[in-house]
Amino acid sequence: MEKSPVRIAVTGAAGQIAYALVFRIASGALLGPDQPVVLTLLDLPQMQGALKGVMMELEDCAFPTLAGMAATDDPKVAFRDADIAFLVGARPRGKGMERKDLLGANAEIFTVQGRALNEAASRDVRVLVVGNPANTNAYIAMKSAPDLSPACFSAMIRLDHNRAASMLAGKAGIDVGTIEKLVVWGNHSPTMYPDYRFAESGGRKLAAMIDDEAWNREVFIPTVGKRGAAVIEARGASSAASAANAAIDQMRDWVVGSHGKWVSMAIASDGSYGVPEDIMFGVPVTAERGVVTRISGLAMDEFATERFAITLNELKEERDAVAHLLA
Ligand code: NAD
Ligand code: LMR
């Protein structure tokens with residue numbers, strides 16, 4: 001292969017999401033079949049044995065795109081010259097918990113990893129935070145990496161976007177791949193606002209095809225918002241394959257390109273839509289080769305304004321709750 005390898009770090013690499021993620025990255029599903037990658041896998045010291053097993057299996061796949069790999073328990077080693085980082089490693093919630101209940105347990109991980117990224121990663125690194133609560137963990141990592149641009153960081157809201165798209169496709173009786181201009185606003189939590197007011201399929205408005213506001217408010221929004229808990233209830237463990245798939249989707253659209261298609265990404269606010277600067281807020285974007293452009297100026301009606309405020313207030317509270325870690 002002629003291209004030089006892209007260096008990709010994955011944290012929590014011995015965990016269940018990573019088990020569904022690293023093989024797809026190594027196979028070319030992220031960057032294409034002609035782009036070699038070097039994987040650096042980070043996990044805790046006691047997980048190094050399990051990581052060795054993951055590396056044995058990666059080796060046994062004989063992926064032509066896998067140009068090298070290493071395992072480590074040191075974030076600075078993991079992030080050395082990283083072009084892309086998936087921050088997955090964190091505790092998942094169990095039944096009856098909300099994602100923000102993990103803030104205490106997981107926040108510290110992201111100060112340490114933010115500092116390590118600041119010190120060791122490529123200056124153009126693209127960092128996707130998956131570990132929950134993802135938006136505020138991404139905010140912590142970004143604030144802990146003052147030498148990197150805020151544009152280097154995003155949090156995953158793509159799983160919610162994909163969940164919303166599947167549900168809308170089922171309701172409208174259309175192919176999920178035809179849906180455009182869907183938006184998930186705000187936090188990866190039950191307060192998120194999946195919004196299909198602008199969505200289209202084949203040039204037709206989904207809102208007109210569905211035309212059922214009661215379903216939107218009483219079924220669609222709460223079902224998408226609580227889908228993670230429903231998966232935990234059914235599976236006894238939090239989503240893994242769909243989370244890994246969404247991580248691939250979000251990073252691929254970010255670093256390769258969304259080709260004009262709107263996708264939802266949680267990115268550091270620039271003040272648009274009245275969201276205070278730096279809060280990691282899900283918004284519609286297009287992206288091309290690592291550069292994200294917000295879709296701005298979308299109109300808010302009374303209900304949208306209300307939903308938007310709820311998810312924004314939650315993110316403000318989470319930001320305030322971690323302020324002491326960033327002082
Ligand atoms: P898991 O418990 O299977 O794996 C987590 C891994 O992270 C473990 O191997 C653990 O040893 C490792 N880890 C813990 N602390 C670490 C640290 N400081 N450095 C490196 N590695 C560390 O969990 P999982 O199911 O893979 O989920 C991981 C996270 O992703 C959870 O917080 C979960 O809630 C979250 N998640 C987010 C989304 C989303 O849409 N944003 C979707 C699904 C899951
Ligand atoms: C999800 O949405 O599936 C994940 O965030 C896991 C969880 O805790 O809900």
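Residues numbered from 1 in each chain as written. Chains lettered and ligands numbered in written order. Predicted model: local features only at pLDDT ≥ 70, side-chain atom pairs only at ≥ 80, totals over all residues. Heavy atoms only, no water.

Identification of the protein chain as Malate dehydrogenase from Acidiphilium rubrum is taken from an unreviewed UniProt entry. The UniProt entry for the protein chain carries this comment under Catalytic activity (unreviewed entry): "(S)-malate + NAD(+) = oxaloacetate + NADH + H(+)". For the protein chain, the Function (unreviewed entry) comment in UniProt is given as "Catalyzes the reversible oxidation of malate to oxaloacetate." (UniProt positions renumbered as here; feature names shortened; annotations may be inferred.)

J.: Could you give me a rundown of the pairing of strand β4 (residues 84-87), with the residues and numbers involved?
T.: Of the two faces of β4, the one carrying I84 and F86 and the one carrying A85 and L87 are both buried. Looking at chain direction, strand β1 (residues 6-11) and β4 are connected through three bridges and run parallel. Each residue of the ladder has a partner; that of I8, found in β4, is I84. Of the pairings in the sheet, the one linking β4 to strand β5 (residues 126-129) comprises four bridges and is parallel in character. Counterpart to L87 in the pairing with β5 is V129. Between β4 and its parallel partner β5, the chain crosses via helix α4 (residues 103-120), and the hand of that crossover is right-handed. (Buried < 20%, exposed > 50% of the residue type's maximum accessible area, 1.4 Å probe, protein only. Helix = DSSP H or I, 4+ residues; strand = E, 2+ residues; numbered from the N terminus. Pairing = 2+ DSSP bridges. Right-handed = clockwise from strand over helix to strand, strands pointing away.)

J.: Which residues make up the site of ligand 2, and what values go with them?
T.: Near ligand 2, the surroundings consist of R93, R99, N132, L159, R163, H188, G228, I232, S238 and S239. Measuring from an oxygen atom of ligand 2, one finds a side-chain N or O atom of N132 at 2.8 Å. One nitrogen or oxygen atom from the side chain of H188 is found 2.6 Å from an oxygen atom belonging to ligand 2. Starting from 260 Å² of accessible surface for ligand 2 in isolation, the protein chains cover 94%. (Near = heavy atom within 4 Å. Polar contact = N/O pair within 3.5 Å; in protein donor to acceptor, adjacent residues only side chain to side chain. Areas by Shrake-Rupley, 256 points an atom, 1.4 Å probe, with all protein chains shown as cover.)

J.: Please provide a residue-by-residue account of the sheet that holds strand β2 (residues 37-42), values included.
T.: If you walk across this open sheet you meet the nine strands as β3-β2-β1-β4-β5-β6-β12-β13-β14, and the pairing is mixed. What marks the edges here is a single partner per strand, and that holds for β3 (66-72) and β14 (291-294). Taking the axes of each pair of neighbouring strands and ignoring which way they run, one obtains an average angle of 35° across the sheet. On the sheet, helix α2 (residues 48-61) packs against β2 and β3 and is oriented at approximately 170° with respect to β3. (Axes fitted to C-alpha atoms, helices over the stretch in contact; angles between N-to-C directions. Contact = heavy atoms within 4.5 Å.)

J.: Talk me through the sheet that holds strand β10 (residues 200-201); I want residue IDs and the actual numbers.
T.: Read from one edge of the open sheet, three strands run β7-β10-β11, paired in antiparallel fashion. Either end of the sheet is taken by a strand with one partner, and the two such strands are β7 (179-180) and β11 (204-205).

J.: I'd like a rundown of the UniProt feature "binding site: substrate" (unreviewed entry) in the protein chain, residues and numbers included.
T.: Those places that UniProt annotates as "binding site: substrate" (unreviewed entry) correspond, in this numbering, to R93, R99, N132 and R163. Checking the annotated residues one by one, the ones that line the largest pocket turn out to be R93, R99, N132 and R163. Inspection of the secondary structure puts R93 in the loop between β4 and α4. Those residues within four positions of R93 in sequence are excluded, and the remaining contacts are E98, R99, L102, G228, A229 and I232. (1 Å grid on protein atoms, 1.4 Å probe; cavity = no way out; pocket = protein on both sides within 12 Å on 5 of 7 lines; lining within 4 Å.)

J.: Tell me what's going on with the site of ligand 1, and back it up with residues and numbers.
T.: Not every one of the 25 residues close to ligand 1 is listed here, only the nearest: Q16, D43, R91, V130 and N132. One of the backbone N or O atoms of V130 is found 3.1 Å from a nitrogen atom in ligand 1. Protein chains bury 87% of the 860 Å² of accessible surface belonging to ligand 1 in isolation. When atoms are counted within 2 Å of each cavity's grid points, the one that captures over half of ligand 1 is the largest pocket. When residues of the shell around ligand 1 are traced back to their parent elements, those giving at least two are α1 (16-27) and α4. Residues that form the shell around ligand 1 fall into these classes: 13 nonpolar, ten polar and two charged. (Sits in = over half its atoms within 2 Å of the grid points. Nonpolar A, V, L, I, M, F, W, Y, C, P; charged D, E, K, R; others polar.)

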